[in-house]
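Here is how the chains run, residue by residue.
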Amino acid sequence: MATSPEPARARRIQRFTRTERTLHWMHASAFFALLATGLILYLPALSTLVSRRNLVKNVHIWVAVAWAVAIVVIIVVGNTKRLAADWREIETIDRDDRRWLRGRKVPQGRFNAGQKINALLTVAFALLFALSGFFLWLGERDHRFLFAGTGTVHDALTFLSVVLLVGHLYLALIHPSTRHALRGMTTGEVDVAWAHKHHAKWVEAAEK
Amino acid sequence: MNDRTIGRASFLGILGAGALGLFYARDVGNVLGRVVPQSVSSIVPTSGWRIYTVGNSMPTYDPATYRLTVGGLVDKPASLTIADLQKLPRANQVSSFHCVTGWVVDGVRWGGVRIADLLDHVGADSSAKALRFVSAEDPYDDSLTIQQALLPDVMLAYEMDGGPLSRPHGAPLRLVMPRMYGYKNVKWVKHIEVQASTQAGFWEQHGYDVDAWIGKSNGYFS
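Residues numbered from 1 in each chain as written. Chains lettered and ligands numbered in written order. Predicted model: local features only at pLDDT ≥ 70, side-chain atom pairs only at ≥ 80, totals over all residues.

A. Structural detail: unusual backbone geometry. Residues and elements named next belong to chain B. Each neighbour pair has its own omega, and for Asp138 with Pro139 the value is 5°, a cis peptide bond. Tracing the sequence through the fold places Pro139 in the loop between β5 (130-135) and β6 (141-145). The omega torsion of the bond from Ala171 to Pro172 falls at 5°, within 30 degrees of zero and hence cis. Following the sequence through the fold, Pro172 ends up in the loop between β8 (163-164) and β9 (174-176). Even without glycine at this site, Asp161 takes up a positive phi of about 50°. Here Asp161 is to be found in the loop between β7 (155-160) and β8. Note on Asp161: 13 C-beta atoms within 10 Å, which makes it partly exposed. (Helix = DSSP H or I, 4+ residues; strand = E, 2+ residues; numbered from the N terminus. Buried ≥ 20, exposed ≤ 12 C-beta atoms within 10 Å, placed from the backbone.)

Structure (structure tokens):
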């Protein structure tokens, strides 16, 4: 709990706009739906328990199509400039970030280096899921596009994404010093005091 | 290299590695398959068998009630237990299993009966041109021409890899047609209809080719 002598209602600062939050929660919902249906298609124990392969497969494919459409719609209709700025920030792994990754306590921007890597991997995995998923679909229909490793890539991405997800959920929901960040993704705002401690470079620049 | 290229290069590197993986990752998966213990890979497949079922639940084999019925264009319609089938000449073979979705299992050992021996037993009519294999898994079925079914490596298998066929693999009886994709290899076979022509099976009604030759079917121009 905060020990600062601030008034009961702490000062807040906006961290995520509505566009960013919409993108996050849309992706999260689609991910869980795709993970659930994907595991039913992939794990023998679940496949045989649920069966109805054709139905589950169709749900999986149509959720994926809806996910792709929603991504494009949010990017186009939402605050595109803001998303572009986010991506610029995420791609920039500066000297402070590299020191932070080596375990040093260095001031961080709106995203710390770990969050940047998580975001880079999440986007890369999403694109590769879409690519390998598309070729799984096409390859079944036209065997000229049935490449040997497509299924393995799709499966491996599942493993890697689940590892990433577990870390993300731990930090967002359980770990005491970081879980405050969750309200940034639900309400859009975080406490200024918390932000000073965890994202000093961002708050200082924002308050100038 | 500035601060931004590090992140971008890593991002593009991962995308490139993933795209290359479409062509080469199966070899990596196969290596993993040898390293990962059987107990793990039976829960989380790294390579090899996937179990696909289409019905509401997987059929259960009860030796007391199970009968393979053979009907249609035959002189003597038959109703056979697995023990009856085991009295027919036994055939063994080792063959590969190719799924239409891309995975392959090599060196599967099958034991069972050849179609020719079964057809002799029931006396197929000369007008018969095809066999339709009906699964206990409703609504799954598929058919082969008699010519295809009489190829030397086609059989009705009641044994796999040295033991009785297991439930996920179609106990007690499945069709083995190694030259065609897995969806022709009907599991949980309970009825064989001897008929004048083939008809589209379950997956064929969902767009797959009826003549499912491996490497020569399921292409737009094949």
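B. Structural detail: the interface of chain B and chain A. Of the residues lining the interface, 41 residues belong to chain B; the matching set on chain A comes to 38 residues. Tallied by class, residues from the side of chain B that touches chain A come to 21 nonpolar, 15 polar and five charged. (Contact = placed C-beta atoms within 7 Å. Nonpolar A, V, L, I, M, F, W, Y, C, P; charged D, E, K, R; others polar.)

C. Up close: the pairing of strand β1 (residues 68-72) of chain B. Residue and element names in this part refer to chain B. Strand direction decides the pairing type here: β1 and strand β2 (residues 78-80), joined by three bridges, are antiparallel. Its bridge partner lying in β2, Leu68 is registered against Leu80. Remark: five residues form the turn of the hairpin made by β1 and β2, two consecutive strands paired antiparallel. With four bridges connecting them, β1 and strand β10 (residues 189-195) associate as parallel partners. In the sheet register, Gly71 faces β10, and the bridge partner there is Glu193. (Pairing = 2+ DSSP bridges.)

D. Broad picture of the packing of helix α1 (residues 18-42) of chain A against helix α3 (residues 53-77) of chain A. All names here are of chain A. α3 packs onto α1 with a crossing angle of 165° between their chain directions and a minimal axis gap of 9 Å. Judged on the interaxial angle alone, α3 and α1 are roughly antiparallel. Where α1 crosses over α3, the two elements pack in a sense that is left-handed. Where α1 abuts α3, its residues Thr19, Thr22, Leu23, Met26, Ala30, Ala33, Leu34, Thr37, Gly38, Ile40 and Leu41 lie against Val56, Lys57, Val59, His60, Val63, Ala64, Trp67, Ala70 and Ile74. (Axes fitted to C-alpha atoms, helices over the stretch in contact; angles between N-to-C directions. Parallel < 35°, antiparallel > 145°, perpendicular 65-115°, else oblique. Left-handed = near helix turned anticlockwise from the far one by under 90°.)

E. Quick look at the sheet that holds β6 of chain B. Residue and element names in this part refer to chain B. One open sheet holds the five strands; their spatial order is β2-β1-β10-β5-β6, and the pairing between them is mixed. Looking along the sheet, the strands with just one partner apiece sit at the ends: β2 and β6. Adjacent strand axes in the sheet meet at a mean angle of 15°, parallel and antiparallel pairs treated alike. One ladder, built from five bridges, connects β5 with β6; its direction is antiparallel. Counterpart to Ala130 in the pairing with β6 is Thr145.

F. Broad picture of the nonpolar core. Residue and element names in this part refer to chain B. In terms of nonpolar packing, the biggest core is built from 42 residues, with Met155, Leu156 and Val189 touching the most fellow members. Elements supplying a minimum of two residues to this core: β1, β4 (104-114), α4 (115-122), β5, β7, β9 and β10. If we skip the residues at most four places from it in the chain, Val189 touches Leu68, Phe133, Ser135, Leu156, Leu173, Arg174 and Leu175. (Core = buried A, V, L, I, M, F, W, Y, C linked by C-beta atoms within 7 Å.)

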